[in-house]
Amino acid sequence: MIKTLTVKTSSREEFVDIRAEVEKVVKDSGIKNGVCYLYVPHTTAGITINEGADPSVKKDIINALKKIVPYGAGYAHIEGNADSHIKTTLVGSSVNIFIEGGRLILGQWQSIFFCEFDGPRTRKVYMKIIKEEE
Ligand code: ZN
């Protein structure tokens, strides 16, 4: 079964930490060992794993992406959000995280970030947990 998480974003470009919400779904599932798949079904928003302890890290990533892919830099896509599509392709649309002992196996400083590149909008993250055979 696919679980749908809803993410409301409040600016055009924003990283939203969804680790706690994902952890809650894993806990509620009762599954101890397996894999958690997270997939973002949008063309101008993605998902990535990076440092959640220092909020300036996500700010630096957003600013670096803006430099690499500037807004309105003569793109062919006439909708005006070509930079959003390109940034989405750079960060990607899915992450997979192992589950052991009912917990997500993430590094000490890692969080899961929903990456908005054309907000503010209400977005979706699809989540599927596969239980390991025992
Ligand atoms: Zn577009």
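A quick note: this is a predicted structure, and the numbers were derived from the prediction, not measured.

A. Fine view of the sheet that holds strand S7 (residues 110–116). Sheet architecture is open: three strands sit in the order S2-S7-S4, paired in antiparallel fashion. Only two strands of the sheet have a single partner each, and these edge strands are strand S2 (14–17) and strand S4 (45–51). The mean angle between the axes of side-by-side strands here comes to 35°, regardless of whether they run parallel or antiparallel. Note that S2 and S7 share four bridges and pair antiparallel. The residue bridging Phe15 from the neighbouring strand is Cys115, located in S7.

B. Focus on the pairing of strand S8 (residues 122–131). Of the pairings in the sheet, the one linking strand S1 (residues 3–8) to S8 comprises six bridges and is antiparallel in character. Following the sheet pairing, Leu5 is matched in S8 by Val125. Two strands pair when backbone bridges link them, and strand S3 (residues 34–39) and S8 are joined in this way by six bridges, in the antiparallel orientation. Following the sheet pairing, Gly34 is matched in S8 by Lys131.

Conventions we followed
Residues numbered from 1 in each chain as written. Predicted model: local features only at pLDDT ≥ 70, side-chain atom pairs only at ≥ 80, totals over all residues. Heavy atoms only, no water. Pairing = 2+ DSSP bridges. Helix = DSSP H or I, 4+ residues; strand = E, 2+ residues; numbered from the N terminus. Axes fitted to C-alpha atoms, helices over the stretch in contact; angles between N-to-C directions.

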